[in-house]
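What follows is each chain in one-letter form.
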Amino acid sequence: MTHLATYVGLLHHSEQALADSLRTVGEGHAQEADVFHVCETLARLSDDHMRSLTPIAHRYGEKHSGEDVEEPERLYADGIGTVREGAVGLLRDLQDLCLLATLVQTSWTVVDQAAQGARDRELLELAQQASAHTSRQLTWLNTRMRAAAPQALLVAP
């Protein structure tokens, strides 16, 4: 079994954490209609990535932290369990989502390179598509943080 199984496990866990966290933030900040609806849309992208990983996991295996993984996890994302309140809370929650999405993005980048080396067209197409979707998630998160920052940081509560 190759180390690709470790990254398949990392991607599965990270995409699940991102999807769950997007839904938590969306529901927790539902008073912001755009946050609620866009977070759900972005979570569905991660859901699709997890479903698409299934045949890859059958082919290469899937290892998770705590199993017989030679490279121990130093950064292990469990996701966002609860949201913070108010404008600053939204800003901080969006930052947390950015961290999760960046972990997903860099993991897809690594898997993309492995897929090229293995000449695995199916995995390469998935990695490239998922990477593009994750870039879209990150773009929205960064744009929404820019919009929220002035109000959150400069207006007294």
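For every chain, the first residue of the written sequence is number 1, and numbering continues from 1 onward in sequence order. Selection of residues for local features in this predicted model requires a pLDDT of at least 70, selection of side-chain atom pairs for listing and counting requires 80 or more, and totals for whole chains, interfaces and linings are taken over all residues. Side-chain calculation: all heavy atoms of the structure are included, whereas hydrogens and water are not.

Engineer: So, the nonpolar core: which residues are in play, and what are the values?
Structural biologist: Core analysis: the largest hydrophobic core is formed by 40 residues, its most contacted members being Leu97 and Trp108. Elements supplying a minimum of two residues to this core: α1 (4-28), α2 (33-60), α3 (86-118) and α4 (121-154). Strands are runs of DSSP state E lasting at least 2 residues, helices are runs of H or I lasting at least 4, and numbering of each runs from the N terminus. With eleven residues, the single largest contributor to this core is α3. Contact criterion: two residues are considered in contact whenever any of their non-hydrogen atoms come within 4.5 Å of each other. Ignoring sequence-local partners within four residues, the contact set of Trp108 consists of Leu11, Glu15, His49, Leu53, Leu126, Ala127, Ala130, Ser131 and Thr134. We call a set of buried residues a nonpolar core when its members are Ala, Val, Leu, Ile, Met, Phe, Trp, Tyr or Cys and they connect through side-chain atoms within 4.5 Å of each other. Exposure is judged per residue with a 1.4 Å probe applied to protein chains only, and the accessible area is read against the type maximum: over 50% gives exposed, under 20% gives buried, and values in between give partly exposed.

Engineer: Can you lay out unusual backbone geometry for me, pointing to particular residues and giving the numbers?
Structural biologist: Most peptide bonds take the trans configuration, and most residues that are not glycine carry a negative phi. We note that Arg119 has phi near 55°; this positive angle belongs to a residue other than glycine. Position of Arg119 relative to the elements: it lies in the loop between α3 and α4. A residue is classified by how much of its surface remains accessible, and Arg119, at 73% relative accessible area, is exposed.

Engineer: If you had to explain the packing of α1 against α3 to someone new, which residues and values would you point to?
Structural biologist: At their nearest, the axes of α1 and α3 sit 9 Å apart, and the two run at 155° to each other. The angle between α1 and α3 places the two elements in the roughly antiparallel class. The crossing of α1 and α3 is left-handed. Contacts between α1 and α3 involve Leu4, Tyr7, Leu10, Leu11, Ser14, Glu15, Ala17, Leu18, Ser21, Leu22 and Val25 from the former and Asp93, Leu97, Leu100, Ala101, Leu103, Val104, Ser107, Trp108, Val110, Val111 and Ala114 from the latter. All axes are obtained by fitting lines to C-alpha atoms, using only the stretch in contact for helices, and the reported angles, taken between N-to-C directions, cover 0 to 180 degrees. In what follows, roughly perpendicular refers to angles from 65 to 115 degrees, roughly parallel to angles under 35, roughly antiparallel to angles over 145, and oblique to any angle outside these ranges. Left-handed describes a crossing in which the near helix is turned anticlockwise from the far one by less than a right angle; the clockwise case is right-handed.

Engineer: Any details on the pattern of salt bridges? Residues and values, ideally.
Structural biologist: Where side chains of opposite charge bring their charged atoms close, a pairing between them can arise. By definition, a salt bridge exists where a carboxyl oxygen of Asp or Glu is found within 4 Å of a side-chain nitrogen of Lys or Arg. All told, the structure shown has ten salt bridges when counted by the stated rule. Salt-bridge contacts for Arg144 lead to Glu32; the nearest nitrogen and oxygen are separated by 3.0 Å. Note that Arg144 is positioned in helix α4 and Glu32 in the loop between α1 and α2, a separation of 112 residues in sequence. Arg144 gets classed as buried once you look at its relative accessible area, which sits at 11%. Of the residues examined, Glu32 reaches a relative accessible area of 31% and is grouped as partly exposed.

Engineer: How would you summarise a nonpolar patch on the surface if you had to cite specific residues and measurements?
Structural biologist: The patch calculation keeps residues exceeding 30% relative accessible area without a salt bridge and links them within 9 Å when they carry like charges or within 5 Å when they are nonpolar (Val, Leu, Ile, Met, Phe, Trp, Tyr). Calculation of accessible area relied on Shrake-Rupley with a 1.4 Å probe; when residues are assessed, cover is drawn exclusively from the protein chains displayed. Residues Val88, Leu153, Leu154 and Val155 make up a contiguous nonpolar surface patch of about 410 Å² in total accessible area. Positionally, Leu154 belongs in helix α4.

Engineer: An account of the packing of α2 against α4 is needed here, citing residue identities and associated values.
Structural biologist: α4 packs onto α2 with a crossing angle of 160° between their chain directions and a minimal axis gap of 11 Å. Here α2 is positioned roughly antiparallel relative to α4, judged by the angle of their axes. Between α2 and α4 the crossing geometry is left-handed. Amino acids are sorted into nonpolar (Ala, Val, Leu, Ile, Met, Phe, Trp, Tyr, Cys and Pro), charged (Asp, Glu, Lys and Arg) and polar (every other residue, Gly among them). A class-by-class count of the residues in the contact of α2 with α4 yields 13 nonpolar, six polar and four charged.

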